[in-house]
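# Observations on chain architecture
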Amino acid sequence: MGGARDVGWVAAGLVLAAGACYCFYRLTRGRRRGGPGLRLRPSRSAEDLTNGSYDDILNAEQLQKLLYLLESTEDPVIIERALVTLGNNAAFSVNQVMIRELGGIPIVGSKINNPNQSIKEKALNALNNLSVNVENQIKIKVYVSQVCEDVLSGPLNSAVQLAGLRLLTNMTVTNDHQHMLSSYITDLFHLLLTGNGSTKVQVLKLLLNLSENPAMTDGLLGAKVESSFLSLYDGHVAKEILLRVLTLFQNITTCLEKEGHLAIQPTFTEGSLFYLLYGEECAQKMRALVFHHDADVKEKEVQSKS
């Protein structure tokens, strides 16, 4: 009995060594959920690690075992479970660094080529969590073009498509890698118009990131966009979508003003986003939103004109 208790204290010490702040977060999180707090479950084999729940924390040695298993097995069930475990562990900053230093990003990244859609989704989810770390983004950026292609050519409104959009959104929070999406902007607007509510929201989150960067303004305004885009400014559109398209207009206008482009006639062709946003039909729709029943929408409309 005493030996088991000693092993437990050693395991806890290893986790604490990974970072006091991280452990404090895990302990308080565990108490809030009514659980026992920080737990580190010992395992006898690499495959045992794939049975971990969200609250299991893996140390560097365990993560290395898991990455080796992911790299060496061809069993789709084990691959998927290993990716879920890695993805859960990659939700925390300490493990994001560990996985990168163990060479785990290329191992996870290689799984987005897997024809199994569930494995592809889990790999994208793991990369998404890893991409929160800026240094990790440097390694993940090599997958951006492929993820764009998969998002635009894959099944509409699928879990894989949404996972890819979430990863691209994380990768464009800063301006560093936004230029890699320049050739996909027109297709993203098409996806915005054809996708369901969840897809629309996720595409708009991505476009909003791009719209905050003046270097991306010309690419956005020059994109060929179907006229049905203006229907997103109708008063009956879901609030979470309407607020975002209003913010898109506001961000682009702000960037144009900073660059002094509104003082001259920009050279955008008909059928471009510029002609839609700054045409009379859009202006009418914006004016109508002054009477919208939701205060947040009315406030955003006023901000867009100011």
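Look up a bit, the structure's there.
The notes below deal with the structure included here. (Residues numbered from 1 in each chain as written. Predicted model: local features only at pLDDT ≥ 70, side-chain atom pairs only at ≥ 80, totals over all residues. Heavy atoms only, no water.)

In terms of regular secondary structure, the chain is built from 17 helices and zero strands. Looking at the chain as a whole, 48% of its 306 residues are labelled buried. Within the chain, contacts between residues separated by at least 24 positions form 67% of all contacts whose residues are at least 6 apart in sequence. Here the chain displays about 14,900 Å² of accessible surface, and carbon together with sulfur accounts for 55% of that area. (Helix = DSSP H or I, 4+ residues; strand = E, 2+ residues; numbered from the N terminus. Buried < 20%, exposed > 50% of the residue type's maximum accessible area, 1.4 Å probe, protein only. Contact = heavy atoms within 4.5 Å. Areas by Shrake-Rupley, 256 points an atom, 1.4 Å probe, with all protein chains shown as cover.)

Our focus in this paragraph is the nonpolar core. Side chains that are nonpolar tend, in soluble globular proteins, to be buried together. The biggest cluster of nonpolar side chains holds 80 residues, and the ones touching the most others in it are Phe189, Leu207, Phe229 and Tyr233. For this core, the leading source of residues is helix 14 (residues 239-259), giving eight residues. If near-sequence neighbours (up to four positions away) are discounted, Tyr233 is found in contact with Leu242, Val245, Leu246, Phe249, Leu277, Lys285, Met286 and Leu289. (Core = buried A, V, L, I, M, F, W, Y, C linked by side-chain atoms within 4.5 Å.)

Moving on: the packing of helix 9 (residues 144-153) against helix 10 (residues 159-171). As a packed pair, helix 9 and helix 10 sit with axes 9 Å apart at the nearest point and diverge in direction by 140°. For helix 9 against helix 10, the interelement crossing comes out left-handed. Side by side, helix 9 and helix 10 meet where Val144, Val147, Cys148 and Val151 of the first sit next to Gln161, Gly164, Leu165, Leu167, Leu168 and Met171 of the second. Each residue belonging to the contact of helix 9 with helix 10 can be placed in one class, and the counts come to eight nonpolar, two polar and no charged. (Axes fitted to C-alpha atoms, helices over the stretch in contact; angles between N-to-C directions. Left-handed = near helix turned anticlockwise from the far one by under 90°. Nonpolar A, V, L, I, M, F, W, Y, C, P; charged D, E, K, R; others polar.)

This next bit is on the environment of Asn251. By secondary structure assignment, the location of Asn251 is in helix 14. For Asn251, a relative accessible area of 14% corresponds to the buried category. Residues Asn251 and Ser211, spaced 40 residues apart in sequence, show a C-alpha to C-alpha distance of 5.7 Å. Not counting residues within four places of it along the chain, the set of residues in contact with Asn251 comprises Leu208, Ser211 and Glu212.

Turning our attention to the packing of aromatic side chains. Overall, the coordinates contain six aromatic pairs when judged by the stated rule. Pairing Phe229 with Tyr233 gives two aromatic rings, centres 5.8 Å apart and planes at 75°, and the pair type is edge-to-face. Ring centres of Phe274 and Tyr275 lie 5.8 Å apart, and the angle between their planes is 80°; this geometry places the pair in the edge-to-face category. (Phe/Tyr/Trp six-rings, centres within 6.5 Å; stacked < 30°, edge-to-face > 60°.)

A few words on the pattern of salt bridges. Tallied over the full model, the rule gives eight salt bridges. Linking Lys122 and Glu121 is a salt bridge whose minimum nitrogen-to-oxygen distance equals 3.5 Å. Looking at Lys122, the relative accessible area reads 18%, which means it is buried. Each of Glu80, Glu121 and Lys122 takes part in a single network of salt bridges with overlapping partners. (Salt bridge = Lys/Arg side-chain N within 4 Å of Asp/Glu carboxyl O.)

Next up on the list: the packing of helix 3 (residues 60-72) against helix 4 (residues 76-89). Viewed as axis vectors pointing N to C, helix 3 and helix 4 meet at an angle of 145°, and their least axial separation amounts to 9 Å. The way helix 3 lies across helix 4 gives a crossing that is left-handed. Mapping the contact onto sequence places Leu63, Leu66, Leu67, Leu69 and Leu70 in helix 3 and Ile78, Ile79, Ala82, Leu83, Thr85, Leu86 and Asn89 in helix 4. A per-class count over the contact of helix 3 with helix 4 returns 10 nonpolar, two polar and no charged.

This next bit is on helix 11 (residues 185-194). Regarding helix 11, the residues found buried are Ile185, Leu188, Phe189, Leu191, Leu192 and Leu193. Looking at the buried side of helix 11, the elements it contacts are helix 9, helix 10, helix 12 (197-211), helix 13 (217-221), helix 14 and helix 15 (273-277).

Its location among the elements puts Ser211 in helix 12. Between the alpha carbons of Ser211 and Ile252 there is a distance of 5.6 Å; along the sequence they are 41 residues apart. Aside from chain neighbours lying at most four places away, what touches Ser211 is Leu220, Leu248, Asn251, Ile252 and Cys255. Polar side-chain contacts of Ser211 include one of 3.0 Å to the side chain of Asn251. (Polar contact = N/O pair within 3.5 Å; in protein donor to acceptor, adjacent residues only side chain to side chain.)

A positive phi angle, close to 65°, is found at Asn157, a residue other than glycine. Take Asn157: it is sitting in the loop between helix 9 and helix 10. Here Asn157 falls in the partly exposed class, since its relative accessible area comes to 27%.

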